[in-house]
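Overview (structure and organization)
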Amino acid sequence: MPATAPSDVLEKLVSLCKRRGFIFQSSEIYGGTGSVWDYGPLGVELKRNLKDRWWHAMVRARDDIEGLDAAILMHPRVWEASGHVATFTDPLVDCKNCKKRFRADDPKIKGTPGTPDAQCPVCGMKGTLSEPRLFNLMFKTYMGPVEDSASIVYLRPETAQGIYVNFLNVQQSTRQKVPFGIAQIGKAFRNEITPGNFIFRTREFEQMEMQFFVEPGTDMHWFEYWKEQRLNWHKSLGLAPERLEFHQHSKEELAHYARAAFDIQFDFGGTLGFQEIEGVHNRGDFDLSRHQEYSGKKLEYFDQPNNKRFLPFVVETSVGADRTTLAVLVNGYREETVEGESEGRTVLGLHPSLAPIKAGVFPLVKKDGMPEFAEKLTAELRQRFPVFYDESGAIGRRYRRQDEVGTPYCITIDGQTMQDGTVTIRDRDTLQQERVAADAVARIIQARLST
Ligand code: GAP
């Protein structure tokens with residue numbers, strides 16, 4: 001089965017995702033909303049499985065990280081304290097002629113914006129580009145019935161701030177001792193100037209963030225620890241190790257809050273290449289000290305054994321659920337020729353724990369009691385994991401439809417089943433079929449899903 005390297009996987013994925021119900025453009029019947037996407041029946045399962053793996057690794061499997069689900073809308077002072085009102089900006093230029101807007105560093109702009117010879121990359125007019133102006137990426141709205149400056153609130157551009165403002169609530173209610181972490185998964189919103197590449201950069205997206213509170217001086221130790229942990233987590237999703245690497249932020253790249261930062265990058269191939277999917281940041285005491293200053297409330301931790309108070313430093317791990325979903329899709333997509341068959345197959349080689357459907361169940365033919373047997377088995381398996389029952393069309397076609405959505409196992413009920421109660425389990429990747437007792441199927445698949 002030689003694998004063919006598709007030239008533009010992203011384009012093929014956009015079409016597969018729509019056709020098979022993973023991801024649709026938002027408000028499509030109205031012409032779509034710019035860079036906002038909806039997850040369909042299979043996509044919602046895939047993304048949920050990914051989030052569950054993260055939640056399990058970060059919260060459930062450890063005793064030093066607590067979960068949180070903070071609100072999207074927060075007190076507007078939060079975003080002044082966090083630095084987002086002042087510095088979460090991109091420099092933009094406007095064309096006075098065609099009214100289009102560009103990032104000031106857009107390589108398509110000829111000349112220096114604001115000068116007479118600068119040329120608009122869209123309408124081609126000279127001297128119409130404004131000087132760069134700072135544009136804040138936060139979405140603004142109003143709380144309550146009055147639309148005035150006192151009622152402005154923002155949609156959060158990161159989930160992290162909900163954790164900082166709850167630091168003492170969580171610490172005191174759980175009696176955790178530093179070092180410990182707080183994790184949450186939730187939506188974030190950014191009015192991105194150059195969104196695109198499907199779900200890679202969107203204006204509404206989900207983050208999975210964890211803030212680890214440590215004693216100052218131990219921060220670089222924990223920073224190294226979390227870099228390693230997080231890289232290993234991405235490998236555990238089945239992302240190819242050679243497609244993952246660290247990228248260290250230079251001084252110029254560091255965000256306003258960061259003392260040190262590494263991105264975990266994934267090689268998306270094509271024109272994207274290696275791109276950030278997760279950031280690991282040493283944020284020092286920037287956030288807690290700013291919230292202390294802006295709220296007037298002490299946020300110090302009291303270390304009882306040593307009888308001292310201090311403001312913890314924070315090591316943050318921040319990963320995009322949508323961007324990692326895209327990485328998993330790109331990583332798994334392959335087109336293959338199948339020996340002895342004229343038609344090739346498209347496979348989504350998803351890790352079984354991420355696959356939206358775990359097993360397809362097929363009666364070989366629609367007679368001789370096979371459908372009834374298959375329906376009974378389906379009902380039993382559905383108690384444990386998502387199953388797709390399919391009795392229509394040629395068996396090869398049914399297999400291929402499941403390969404394309406990443407279903408790791410297909411179970412076929414055939415003539416022999418009716419005699420001895422055995423069925424075949426076909427493996428998506430090896431194409432091997434093994435014959436097992438029907439009443440052992442649930443246990444066998446469950447065991448494979450948990451590895
Ligand atoms: N709290 C730190 C923080 O938000 P970030 O590097 O700006 O750091 C973290 O974002 C992760 O969130 C990124 O690695 C990416 O996976 C995801 N992300 C950020 N902006 C995004 C966008 N516009 N669309 C999709 N995912 C995004």
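What you are looking at is a predicted structure, and each value in this text was computed from that prediction instead of being measured.

**Notes on the packing of aromatic side chains**
One pass over the full model with this rule turns up 15 aromatic pairs. Centre to centre, the rings of Phe200 and Phe268 are 5.3 Å apart; their planes meet at 85 degrees, and the pair counts as edge-to-face. Of this pair, Phe200 sits in the loop between strand S10 (180–189) and strand S11 (204–214) while Phe268 sits in the loop between strand S13 (260–267) and strand S14 (274–284); the two residues are 68 residues apart in sequence, bridging distant segments of the chain. With centroids separated by 5.7 Å and ring planes inclined at 55 degrees, the aromatic side chains of Phe362 and Tyr399 adopt a geometry described as tilted. Taken as a pair, Phe362 in strand S20 (residues 359–363) and Tyr399 in helix H11 (residues 395–404) lie far apart in primary sequence, 37 residues in all. Across the pair, Tyr399 and Phe362 agree in class, each one buried. A connected cluster of aromatic rings, assembled from ring pairs, spans Phe212, Trp222, Tyr225 and Trp226. Lys47 extends its terminal NZ or CZ atom over the ring of Tyr39, reaching a point 4.2 Å from the ring centre. The ring of Tyr399 has Arg426 lying over it, and the distance from NZ or CZ to the ring centre is 4.3 Å.

**Focus: the domain arrangement of the protein**
Along its sequence, the protein is carved into domain 1 (3–72 + 155–330) and domain 2 (357–449). Between the C-alpha centres of domain 1 and domain 2 there is a distance of 37 Å. Taken residue by residue, the interface counts 7 residues in domain 1 and 6 residues in domain 2. Of all residues in domain 1, the largest losses of buried area upon contact with domain 2 belong to Leu16, Arg20 and Leu42, amounting jointly to 66% of the total for that side. In this structure, Glu404 and Arg19 form a salt bridge, with 2.9 Å as the shortest nitrogen-oxygen distance. Of all elements in the fold, only helix H1 (9–19) and helix H2 (41–60) reach the threshold of two or more residues within the side of domain 1 that touches domain 2. The element best represented in the side of domain 1 that touches domain 2 is H2, accounting for 3 residues.

**Considering the site of the ligand**
The local shell around the ligand holds 19 residues, among which Glu158, Thr202, Glu209, Glu276 and Glu316 are the closest. Interatomic distance of 2.9 Å between a side-chain N/O atom of Arg190 and an oxygen atom of the ligand. Side-chain polar atom of Glu276 to an oxygen atom of the ligand: 2.6 Å apart, as the coordinates give it. Contact with the protein chains covers 93% of the free accessible surface of the ligand, which is 560 Å². According to the grid-proximity analysis, the pocket containing the ligand is the largest pocket. When contributions to the shell around the ligand are tallied by element, the ones reaching two or more residues are S11, S14 and strand S17 (313–320). Among the elements that make up the shell around the ligand, the one with the highest residue count is S14 (5 residues).

What counts as what
All chains use their own residue numbering, which begins from 1 and follows the written sequence. Only residues with pLDDT of at least 70 get local features here, since the model is predicted, and only at 80 or more are side-chain atom pairs given and counted; chain-wide, interface and lining totals rely on the full set of residues. Where side-chain values are given, they derive from all heavy atoms of the structure, hydrogens and water being excluded. To pair, rings of Phe, Tyr and Trp, with the six-membered ring standing in for Trp, must have centres within 6.5 Å; the planes then decide the type, stacked if under 30 degrees apart, edge-to-face if over 60, and tilted in the middle. The way it works is that DSSP assigns letters per residue, a run of H or I at least four long becomes a helix, a run of E at least two long becomes a strand, and they are numbered from the N terminus. The buried label applies to any residue whose accessible area, calculated with a 1.4 Å probe on protein chains only, is under 20% of its type's maximum; exposed applies above 50%, and partly exposed to all values in between. Should the NZ of a Lys or the CZ of an Arg lie within 6 Å of a ring centre and within 35 degrees of the ring normal, that charge is described as sitting over the ring. Marked domain ranges trace back to an automatic or database domain assignment. Residue contacts are counted whenever heavy atoms from the two residues lie within 4.5 Å of one another. Buried area is a sum: the accessible area each of two parts loses on coming together, probed at 1.4 Å, counted once for each and added. Just to be clear on terms, a salt bridge is a Lys or Arg side-chain nitrogen sitting within 4 Å of an Asp or Glu carboxyl oxygen. The criterion for a residue being near a molecule or strand is simple. One of its heavy atoms has to lie within 4 Å of it. Counted as a polar contact is a pair of N or O atoms within 3.5 Å, where, for protein atoms, one must be capable of donating a hydrogen and the other of accepting one, and residues adjacent in sequence contribute only when both atoms are in side chains. Every accessible area reported is derived by Shrake-Rupley at a probe size of 1.4 Å, with residue values counting cover from the shown protein chains alone. Buriedness for pockets is judged along seven lines, at least five of which must meet protein on both sides within 12 Å for an open set on the 1 Å grid over protein atoms alone, while cavities are sets there where a 1.4 Å probe fits but cannot get out, and lining residues have an atom within 4 Å of a point. Any molecule with more than half of its atoms within 2 Å of a cavity's or pocket's grid points is regarded as sitting in that cavity or pocket.

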